[in-house]
Amino acid sequence: MLSQEKVVTNHAMGPAHNGQGLYKLVLHGQIAEHAYPGQFVAIRPSDTNDPLLRRPLSIAGIDKKTGELTLCYRLKGPGTTLLSRIPPGAYVDVLGPLGQGFSLGRQGFSKTLPDFSEDRPGFQGHPLPARVILVAGGIGIFSLYALLEHLLRNPAFWKILVTVIWGGLDKGFLEHAMADVLYQLPKENLILCTMDGSLGYKGLVTEPLEHLLNTRKTAGTLESPNRFESGGTLVAACGPKVMLHAVAELCERFGVPSEVCLEEHMACGLGACLGCSCQIKDETGVVRRGRVCVEGPVFSGKEVVWHEQI
Amino acid sequence: MSRFDRSLTIKGLHLKNPLIACSGTYGFGDIYTEYVPASAWGGIAMKGITPQPRLGNPAPRLRETPAGLLNAVGLENPGLKEFRHSCLPGMADIGTAVIVNISGFSVNDFKFMASRLDQEPNVDALEVNISCPNIKHGGMQFGSDPDSAAEVVRAVRENTSLPLIVKLSPNVTDIAAIARAVVQGGADAVSLINTLLGMSIDIETQKPFLGNTTGGLSGPAVRPVAVRMVYETYKAVDVPIIGMGGITCWQDAVEFMLAGASAVGIGTANFTNPLAPVEVLEGIEAYAREHGYGSLRELVGRAHRSGD
């Protein structure tokens, strides 16, 4: 839908003077009611023609009771700079919710959400997994915040063991991009990684992920740990493409389904411009085009063609 | 309110209003229906079709530039056969003129598509794309030389009785010469401009930003170039002109009509503002009424009149 949403808050994330350029924008309006985790919106930063395009922003939080939608973004250029200056009380032009999000994001609401994924292998309402591992790289954590919040809030998911593995450049980045929802996890279920080792594990997120996939029993609140087979795990990931590729490959090696949230340059967000078109393969290996904005941004890790053949 | 006429006819193609959704910005007319009914448009130019399916160019395909957009999609499309089987049947009750945009890599490609589409009941007109800047062979090459442009149009003309619109490239020295050639070849109308060839370099990687190296520029940044070319083409040919290039509001559309456009295309603006066609149509009608005209046709080419 096309909605004029009212800005509730719009400010830098984390401690002041952070220099990370990360912002959190909370909107009030109609979109929250229809959104689910993994989807995104396209927001118009200005009503002039420069910058020309809407900015796609991932949804970082959905509150259907209050009608509030949380979006997090990084200052990147003139569009996001203008966006960061919009004061509370102002209205912004938002298109959304857009795309298909995480399969678990679609479940657990009282109202049935439309399922667009009938022809998508790997997405067909698999039974609830025993374990969910959320893997994020950098600001990829933003769209996983919405999913994590959804999993923790909804009693239907309380038997699922949820673990987050999140990697960033350094301690400064992680501290500023951090959201309260992460603190709701038992400490042992939050694995932080930094490239320089300044916080948490030093190295890439794939290493702790591999370790977890190797572990059949892990600390947590799982009711019947014996059910804990590798097939009972679902991995949901968002981050740089190289990371998503590595995560998808690792999951395939362990026979674990993965869902990856892709990012691509897009102009319309509705499937018209074909700017965000990526290559998708079906189970027989036939390659076709999928639009990140319509068929995605969340795809099954198995269906993405990581090195496109032109 | 007095009777007001928004309609126009291009050689057998009746358009209830002069607004055309530009090819490549509106899919097959099915994408924006939640925001604007297809029937709001005078016509929709469908995403360009080639004889065979194409996966298009590698990412990144888009780069935003000041008041503009560079794209190098590369004619990603399902191919003629799939288009005829899956897309065209659904267009029977679309409520607007269906303009099928065709592209090819040889004269034979164009002949083949024209003959296959000629008998399709849901096709109202063909737009012959001799101006795509994003494919290696064919495309813009046909549209850069008057003789080869005319040859393509003649080949299409001989294979169909459908109204023919020829989409012209701005990447030429003299667009009037190309326009005259395609009209001699049998064009019933011309649409212009396609995108301007451009490029952007990523100063971090020190490499071309787009996967295709170069791309086509659209959006408000190209508008003055497009207005000038419509103005020149109006002086050169007698067929209707569909003017396009950076139109975002009714004032832009009026400018094109004054320059000589009988119809106007809205393209890139749809991405930012899905309601653009509704706003533009209301605005140009109000402008024409304020000036005492009884039809939108009376605006066309007024910037050319001499005296007063």
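Let us look at the structure shown here. (Residues numbered from 1 in each chain as written. Chains lettered and ligands numbered in written order. Predicted model: local features only at pLDDT ≥ 70, side-chain atom pairs only at ≥ 80, totals over all residues. Heavy atoms only, no water.)

1. Remarks on helix α6 (residues 206-214) of chain A
Residue and element names in this part refer to chain A.
At step 1: Restricting attention to buried positions, one finds in α6 the residues T206, P208, L209, L212 and L213. Taken end-on, α6 shows its buried residues confined to a sector of 160 degrees, consistent with a single buried face. Opposite the packed face of α6, turned more than 90 degrees from it, sit the exposed residues H211 and N214.
At step 2: On its buried face, α6 sits against β7 (131-137), β8 (161-168), β9 (190-194), β10 (201-202), β11 (233-238) and α7 (241-253). (Buried < 20%, exposed > 50% of the residue type's maximum accessible area, 1.4 Å probe, protein only. Helix = DSSP H or I, 4+ residues; strand = E, 2+ residues; numbered from the N terminus. Arc of directions from axis to C-beta. Contact = heavy atoms within 4.5 Å.)

2. Notes on the interface of chain B and chain A
At step 1: Every contact between the two is made by 34 residues of chain B and, on the other side, 29 residues of chain A.
At step 2: Counting each side, the surface lost to burial between chain B and chain A is near 2600 Å², with a carbon and sulfur contribution of 63%.
At step 3: Applying the counting criterion to the chain B and chain A interface returns two salt bridges.
At step 4: In this structure, A:R289 and B:E76 form a salt bridge, with 3.9 Å as the shortest nitrogen-oxygen distance.
At step 5: Our count for the chain B to chain A interface comes out at 11 residue pairs in polar contact (both at pLDDT 80 or more).
At step 6: Those elements that place two or more of their residues in the side of chain B that touches chain A are β5 (62-65), β6 (68-71) and α8 (269-272) of chain B.
At step 7: Considering only residue class, the side of chain B that touches chain A consists of 18 nonpolar, 11 polar and five charged. (Buried area = accessible area lost by both parts, 1.4 Å probe. Salt bridge = Lys/Arg side-chain N within 4 Å of Asp/Glu carboxyl O. Polar contact = N/O pair within 3.5 Å; in protein donor to acceptor, adjacent residues only side chain to side chain. Nonpolar A, V, L, I, M, F, W, Y, C, P; charged D, E, K, R; others polar.)

3. Topic: the pairing of β5(B)
Residue and element names in this part refer to chain B.
At step 1: Relative to β6, β5 runs antiparallel, the two sharing four bridges. In the strand pairing of β6, T65 is matched with G68.
At step 2: The antiparallel hairpin formed by β5 and β6 contains two residues in its connecting segment, where A67 sits at a positive phi of about 50 degrees. (Pairing = 2+ DSSP bridges.)

4. Looking at unusual backbone geometry
At step 1: A:G296 connects to A:P297 through a cis peptide bond whose omega is 10 degrees.
At step 2: Structurally, A:P297 is set in the loop between β14 (287-291) and β15 (298-300).
At step 3: The linkage connecting B:L192 with the following residue, B:I193, adopts the cis geometry, with an omega of 10 degrees.
At step 4: Relative to the elements of secondary structure, B:I193 occurs in the loop between β10 (189-192) and β11 (196-199).
At step 5: The phi angle at A:L274 is positive, at roughly 60 degrees, despite the residue not being glycine.
At step 6: In this structure, A:L274 sits in the loop between β12 (258-261) and β13 (277-281).
At step 7: Among the residues examined, A:L274 registers a relative accessible area of 11% and is labelled buried.

5. A look at the sheet that holds strand β2 (residues 22-28) of chain A
Residues and elements named next belong to chain A.
At step 1: Strand order in the closed barrel formed by six strands is β1-β2-β5-β4-β3-β6, and the pairing between neighbours is antiparallel. Mean inter-strand twist for the sheet, computed between neighbouring axes without regard to direction, equals 45 degrees.
At step 2: As defined by bridge partners, strand β3 (residues 40-44) adjoins strand β4 (residues 55-63) across four bridges and the pair is classed as antiparallel. If you follow V41 over to β4, its bridge partner there is L57.
At step 3: Helix α4 (residues 141-153) contacts β2, β4 and β5 (68-74) of the sheet and is inclined by roughly 15 degrees relative to β4. (Axes fitted to C-alpha atoms, helices over the stretch in contact; angles between N-to-C directions.)

6. Considering the packing of α6(A) against α7(A)
All names here are of chain A.
At step 1: For the pair α6 and α7, the least separation of the axes is 11 Å and the interaxial angle reads 15 degrees. In this view, α6 runs roughly parallel relative to α7, as classed from their interaxial angle. You can see that α6 and α7 cross each other, and the crossing is right-handed. Where α6 abuts α7, its residues T206, L209, E210 and L213 lie against A246, V247, L250, C251 and R253.
At step 2: Split into classes, the residues belonging to the contact of α6 with α7 amount to six nonpolar, one polar and two charged. (Parallel < 35°, antiparallel > 145°, perpendicular 65-115°, else oblique. Left-handed = near helix turned anticlockwise from the far one by under 90°.)

7. A word on a nonpolar patch on the surface
At step 1: A surface patch of nonpolar side chains, about 310 Å² in accessible area, is lined by A:L169, A:M195 and A:L204.
At step 2: By secondary structure assignment, the location of A:M195 is in the loop between β9 and β10. (Patch = residues over 30% accessible without salt bridge, like charges linked within 9 Å, V, L, I, M, F, W, Y side chains within 5 Å. Areas by Shrake-Rupley, 256 points an atom, 1.4 Å probe, with all protein chains shown as cover.)

8. Overview of the pattern of salt bridges
At step 1: Scanning all chains against the criterion turns up 17 salt bridges over all chains.
At step 2: For A:R54, the salt bridge identified is with A:D93, shortest N-O distance 3.0 Å. Of this pair, A:R54 sits in the loop between β3 and β4 while A:D93 is found in strand β6 (residues 91-98), placing the two residues 39 residues apart along the sequence. As far as burial versus exposure is concerned, A:R54 and A:D93 are alike and both buried.
At step 3: Look at the salt bridges and you will find they share partners, linking A:R289, B:R61 and B:E76 into a network.

9. Here we look at the packing of aromatic side chains
At step 1: Scanning all chains against the criterion turns up nine aromatic pairs over all chains.
At step 2: A centroid spacing of 6.2 Å and a plane angle of 65 degrees characterise the contact between A:W166 and A:F173, whose relative ring orientation is edge-to-face.
At step 3: Residue classification places A:W166 among the buried positions, given a relative accessible area of 0%.
At step 4: Residues B:F28 and B:F83 carry aromatic rings whose centres are separated by 5.2 Å and whose planes lie at 45 degrees to one another, so their mutual orientation is tilted. Taken together, the residues span a long stretch of sequence, with B:F28 in the loop between β3 (19-21) and β4 (43-45) and B:F83 in helix α1 (residues 80-87) at a distance of 55 residues. With respect to class, B:F28 is no different from B:F83; both count as buried.
At step 5: Each member of the aromatic cluster is reached from another via a ring pair, and the members are A:F142, A:Y145, A:W166 and A:F173. (Phe/Tyr/Trp six-rings, centres within 6.5 Å; stacked < 30°, edge-to-face > 60°.)

10. Topic: the pairing of strand β16 (residues 263-266) of chain B
Residues and elements named next belong to chain B.
At step 1: The alternating pattern of β16 places A263 and G265 and V264 and I266 on opposite faces, both of which are buried.
At step 2: Bridge count for β3 against β16 is three bridges, and the pairing is parallel. Paired with L19 across the strands is V264, a residue of β16.
At step 3: Where strand β15 (residues 241-243) and β16 come together, two bridges link them in parallel fashion. Following the sheet pairing, G243 is matched in β16 by V264.
At step 4: Taken together, β15, helix α7 (residues 250-259) and β16 constitute a β-α-β crossover, and its handedness is right-handed. (Right-handed = clockwise from strand over helix to strand, strands pointing away.)

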